[in-house]
Amino acid sequence: MALDRPQLTLWGVSTSRTLRALWALHELGLDYVLRPIQPRTGETQTAEFGRINPRRKIPVLQDGDFTIAESPAIIAYLSETYGTADNALIPRDARQRAQWLEWCFHIAMELDATSLYVMRRHRDLKHIYGEAPMAVDSAATYFGNQLHHVVQALGEGRSFLVGERFSSADMLLTTCLVWAVNYGVPVPAICTDYAARIARRPAYQAALRANIPPPPAAKESPR
Ligand SMILES: N[C@@H](CCC(=O)N[C@@H](CS)C(=O)NCC(=O)O)C(=O)O
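All of these numbers come straight from a predicted model, not from anything done at the bench. (Residues numbered from 1 in each chain as written. Predicted model: local features only at pLDDT ≥ 70, side-chain atom pairs only at ≥ 80, totals over all residues. Heavy atoms only, no water.)

Q: Which residues make up the packing of aromatic side chains, and what values do they have?
A: Scanning the model with the defined rule gives six aromatic pairs in all. Ring centres of tryptophan 11 and phenylalanine 49 lie 5.5 Å apart, and the angle between their planes is 50 degrees; on these two criteria the pair is classed as tilted. Pair noted here: tryptophan 11 is in strand E1 (residues 8-11) and phenylalanine 49 is in helix H2 (residues 47-52), with a separation of 38 residues, a long-range link. Of the residues examined, tryptophan 11 reaches a relative accessible area of 3% and is grouped as buried. Summarising the aromatic geometry, the rings of tryptophan 23 and tyrosine 204 are spaced 4.7 Å apart at their centres and angled 70 degrees between planes, so their arrangement reads as edge-to-face. Linking tryptophan 23 in helix H1 (residues 16-27) with tyrosine 204 in helix H9 (residues 202-210), this pair joins segments that are 181 residues apart in sequence. Residues tryptophan 23 and tyrosine 204 agree in their burial class; the two are buried. Taken together, the aromatic side chains of Trp23, Phe160, Phe166 and Tyr204 make up a single cluster linked through ring pairs. For arginine 17, the ring lying beneath its charged end belongs to tyrosine 117, and the centroid distance is 4.3 Å. Over the face of the ring belonging to phenylalanine 166 we find arginine 201, whose NZ or CZ atom lies 3.6 Å from the ring centre. (Phe/Tyr/Trp six-rings, centres within 6.5 Å; stacked < 30°, edge-to-face > 60°. Helix = DSSP H or I, 4+ residues; strand = E, 2+ residues; numbered from the N terminus. Buried < 20%, exposed > 50% of the residue type's maximum accessible area, 1.4 Å probe, protein only. Lys NZ or Arg CZ within 6 Å of the ring centre and 35° of its normal.)

Q: Residue-level account of the pattern of salt bridges, with values.
A: Inspection of the entire model under this criterion finds 10 salt bridges. Between arginine 201 and glutamate 27 there is a salt bridge; the shortest N-O distance is 2.8 Å. Taken together, the residues span a long stretch of sequence, with arginine 201 in the loop between helix H8 (189-198) and H9 and glutamate 27 in helix H1 at a distance of 174 residues. Arginine 201 sits in the partly exposed class, given a relative accessible area of 25%. Here aspartate 124 makes a salt bridge to arginine 120, at a shortest N to O gap of 3.6 Å. Taken together, the residues span about one helical turn, with aspartate 124 and arginine 120 both in helix H4 (residues 94-124) at a distance of four residues. (Salt bridge = Lys/Arg side-chain N within 4 Å of Asp/Glu carboxyl O.)

Q: Describe the site of the ligand, and please don't skip the residues or the numbers.
A: Contacts to the ligand come from 14 residues, most closely from Arg40, Thr44, Ile58, Glu70 and Ser71. In this structure, an oxygen atom belonging to the ligand sits 3.0 Å away from a side-chain N or O atom of lysine 57. In the complex, 86% of the free accessible area of the ligand, which totals 520 Å², lies under the protein chains. Each residue belonging to the shell around the ligand can be placed in one class, and the counts come to five nonpolar, three polar and six charged. (Near = heavy atom within 4 Å. Polar contact = N/O pair within 3.5 Å; in protein donor to acceptor, adjacent residues only side chain to side chain. Areas by Shrake-Rupley, 256 points an atom, 1.4 Å probe, with all protein chains shown as cover. Nonpolar A, V, L, I, M, F, W, Y, C, P; charged D, E, K, R; others polar.)

Set out below in structure tokens:
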């Protein structure tokens, strides 16, 4: 059960997925303690972290005695627990909520896990996961094909993916679009324009700053 006064600790910085969780904390105006551990540093392999997240992945959110992982789930939990009518990141209307879920699954599965993360694992992290140039090329092509659905949606003139307001689907999409551009994957202008507009949100800019790994001496910082 959530506490009246949130006791939020976020574990993890430096990745697109940690940025999403930080972004949600800032969109919702929540105070939190950041434990800025990073992947592949050994910090996800400690006994302490293994007790918090046996999957040994970041980001992870602790809210008092409750723990939740997976960036889309962290955002959803924060919004449902602490969001207000003005800043909620999830639609309330049943049909819009269904469309929101559809977009979240599409982005997390097709754009992130099946495409960009395949490229990351088998190109940048090939020393860990194995080099697979054909899989990388195929994943980039697949990303473009799947992005077509986003291009169509944005081509209808809408400002956000679902309804008339910003939701966590826009957060997932923006992080994937920035990721793709950084990877040199072709992204149509309608998508980069959208991402540039969303990225102007103050909470995104604050999250970007928070997502920067600190110098080695400072490992815990209240926000
Ligand atoms: N589906 C997860 C992915 C989390 C994930 O894969 N995190 C990576 C970094 S991006 C990680 O923690 N790896 C652990 C390690 O390499 O030590 C999410 O969206 O949160």
